[in-house]
Amino acid sequence: MKIMKFGGTSVGRPERMHQVKDLITRGDEPTIVVLSALSGTTNALVGIGEALASADKILAKERIDTLHAHYLVFYKELLKTEEARTKAEAIIKEHFEFLNILLKISFNEAINRDILAQGELLSTKLFYTLLEELNIPAVFLPALDFMSIDENSEPELGKISEKLKAILAEFPGERIFVTQGYICKNHRNEVDNLKRGGSDYTASLVAAAIQASACEIWTDIDGMHNNDPRIVEKTRPIAVMSFDEAAELAYFGAKILHPASIWPAQLYNVPVKLLNTMQPEAHGTLIKAEVDAIGVKAIAAKDGITAIKIKSSRMLLAYGFLRRVFEIFEKYKTPIDMITTSEVAVSVTIDDLSHLDQILAELDMLGSVEVDKNQAIVCIVGNQISETKGVIKAVMDSLEDIPVRMVSYGGSRHNVSLLVDANYKNEALQKLNTGVFSW
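Thresholds, definitions, all that
Residues numbered from 1 in each chain as written. Predicted model: local features only at pLDDT ≥ 70, side-chain atom pairs only at ≥ 80, totals over all residues. Heavy atoms only, no water. Pairing = 2+ DSSP bridges. Helix = DSSP H or I, 4+ residues; strand = E, 2+ residues; numbered from the N terminus. Contact = heavy atoms within 4.5 Å. Axes fitted to C-alpha atoms, helices over the stretch in contact; angles between N-to-C directions. Salt bridge = Lys/Arg side-chain N within 4 Å of Asp/Glu carboxyl O. Buried < 20%, exposed > 50% of the residue type's maximum accessible area, 1.4 Å probe, protein only. Disulfide = S-S within 2.5 Å. Expected span 1.5 Å × (residues − 1). Arc of directions from axis to C-beta. Parallel < 35°, antiparallel > 145°, perpendicular 65-115°, else oblique. Left-handed = near helix turned anticlockwise from the far one by under 90°. Phe/Tyr/Trp six-rings, centres within 6.5 Å; stacked < 30°, edge-to-face > 60°. Lys NZ or Arg CZ within 6 Å of the ring centre and 35° of its normal.

**Structural notes on the sheet that holds strand β2 (residues 31-35)**
Alright, step 1. Strand order in the open sheet formed by eight strands is β3-β4-β2-β1-β7-β9-β10-β8, with mixed pairing between adjacent strands. Edge positions in the sheet fall to β3 (139-140) and β8 (240-242), since each of these pairs with one other strand and no more.
Alright, step 2. On top of the sheet, helix α8 (residues 198-209) reaches β1 (2-6), β2, β4 (176-180) and β7 (215-219); it is set at about 175° to β1, its chief contact.
Alright, step 3. Against the sheet, helix α9 (residues 243-251) makes contact with β8, β9 (272-276) and β10 (285-288), and its axis sits at roughly 85° relative to β8, the strand it touches most.

Here it is, written out as structure tokens:
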């Protein structure tokens, strides 16, 4: 059994839903289809939640009605028969009645998570109605019946596997199963989610849970590119890469893949394929355990980075100083991206500023603190590049005219990371493209 996940742009228009239908029915292998919300829906739902949170019910109502109008047009273009359209109309009515009821009750975070779940519930139900209309046998598989996270918001892979295998065993002759990405239940049995991009994560978790033959991630681009095609000309898709390379790229800015979506597949050695819904014949990118080629494979950049330098000539070399620094970030559950040290200072970078003021207040007790906002991490990724001759020279020569704030080299065999001011990010990507890759 394989997993096929389709993102928001892949299901965002009626004709694209029909393309998805063609893709999932062209083979014989049993398939679990994981769908995102229609493109734009999650942003709209976030806006509805924000309006309700600020008690602006007039604005919330306007946003609900705007989204409702979109779906009323969508289903009429998607479906042709009166019976299917009647079913779709009832589905849409149910979900928008729920949203309208929220205008009359007190808002809280649990309700907000319920709001965000509506996108995936709508897309999967409408897609399943399309399959019914076309007499394509399928099973509707609610993600809330098996996807769960613990009190730390970590997926409970063991429980997911146990529940999912039991459900699938009830349908031994079925070939197509349709489920939602992104949504899950938390340890309080409330509706929750796997955060932005979580449909990729769902697909990878499901693939790991059933030890799938492959996990296919279908988007609107033909695989992972070796640089950001929105910024750099002459990028090219990468045919094959390792799990480690893909994980580095996803974490450090490659938008095509959710950063957390590699480890479940890697854990059970499930190959991941990045494919293009609009060009299904394109080779895309295959991600697997081992690759033979060494050297630079790709470049990515991560925006919204803040650098923090703690300077203390008295304490830095003292036993336990770094532990005290890291404990502060751990206390506020704030991950660190990069770290560099010198004799008198340690610099770290973060992208979550939720608790920045509290972190700075506690760091201030350890030494003088400097903060640089509006930074970007540029990441050069490849198999064993830390052991490949000439890589650092090529990188630094490429960036000789760009101020580099930090360099992380050697922490991973597959990654060289640099911190630059965000204003230099695009120039850095372009110069590295010329200097590191040979065309």
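**Quick notes on the pattern of salt bridges**
Alright, step 1. Evaluation of the coordinates by the stated rule reveals 21 salt bridges.
Alright, step 2. Residue Lys21 pairs with Asp22 through a salt bridge whose shortest N-O separation is 2.7 Å.
Alright, step 3. Its relative accessible area of 43% is what places Asp22 among the partly exposed residues.
Alright, step 4. A salt bridge links Arg405 to Asp372; the shortest N-O distance between them is 2.8 Å. Residue Arg405 is located in the loop between α13 (391-398) and β15 (406-412), and its partner Asp372 is located in strand β14 (residues 368-383); the two are separated by 33 residues in the primary sequence.
Alright, step 5. Arg405 sits in the partly exposed class, given a relative accessible area of 27%.
Alright, step 6. Residue Asp372 is classed as partly exposed on the basis of its relative accessible area of 29%.

**Describing the state of the cysteines**
Alright, step 1. With the rule as written, the count across this model stands at zero disulfides.
Alright, step 2. Looking at Cys184, it has no disulfide partner, and the nearest cysteine sulfur is the one in Cys215, 17 Å off.
Alright, step 3. What makes Cys184 buried here is its relative accessible area of 0%.

**Notes on the sheet that holds β14**
Alright, step 1. Reading across from one edge, β12-β13-β11-β14-β16-β15 is the order of the six strands in this open sheet, with antiparallel pairing throughout. Two strands bound the open sheet, and with one partner strand each, they are β12 (339-341) and β15. Put simply, the sheet's adjacent strands are angled 30° from each other on average, direction ignored.
Alright, step 2. Summarising the sheet, β12 and strand β13 (residues 345-350) pair through three bridges and their orientation is antiparallel.

**Side note on the pairing of β7**
Alright, step 1. β7 sits mainly inside the fold: five of its five residues count as buried.
Alright, step 2. Of the pairings in the sheet, the one linking β1 to β7 comprises four bridges and is parallel in character. Paired with Ile3 across the two strands is Cys215, which belongs to β7.
Alright, step 3. In terms of strand pairing, β7 meets β9 through five bridges, oriented parallel. Bridging from a neighbouring strand, Trp218 pairs with Leu275 of β9.

**So, helix α14 (residues 425-436)**
Side chains of residues three or four places apart in an α-helix project in the same direction, reflecting 3.6 residues per turn.
Alright, step 1. Taking 1.5 Å per residue as the helical rise, α14 with its 12 residues ought to reach 16 Å, and the 16 Å between its terminal C-alpha atoms agrees with that figure.
Alright, step 2. Those residues of α14 that fall on the buried side of the exposure criterion are Lys425, Ala428, Leu429, Leu432, Asn433 and Val436. Down the axis of α14, the buried side of the element spans an arc of 135°, and every buried residue falls inside it.
Alright, step 3. As for α14, its buried residues are in contact with β11 (295-311), β14, α13 and β16 (415-421).

**Some words on the packing of helix α3 (residues 41-53) against helix α6 (residues 109-133)**
Alright, step 1. Contact pair α3 / α6: the axes reach a minimum separation of 9 Å and the direction vectors enclose 160°. By the angle class used here, α3 and α6 are roughly antiparallel. In this structure, the crossing between α3 and α6 has a hand that is right-handed. The residues of α6 that touch α3, namely those facing Thr41, Thr42, Leu45, Val46, Gly49 and Leu52, are Asn112, Ile115, Leu116, Gln118, Gly119 and Glu120.

**Overview of the packing of aromatic side chains**
Alright, step 1. Applying the stated rule across the entire model yields five aromatic pairs.
Alright, step 2. Consider the rings of Tyr71 and Phe96, whose centres lie 5.9 Å apart with planes at 55°: the pair is tilted. Separated by 25 residues along the polypeptide, Tyr71 in helix α4 (residues 57-78) and Phe96 in helix α5 (residues 82-101) bring together distant segments of the chain.
Alright, step 3. Residue Tyr71 is classed as buried on the basis of its relative accessible area of 0%.
Alright, step 4. Here the aromatic cluster, defined as three or more aromatic residues joined through ring pairs, consists of Tyr71, Phe74 and Phe96.
Alright, step 5. The ring of Tyr251 carries the charged tip of Lys302 above its face, separated from the ring centre by 3.9 Å.

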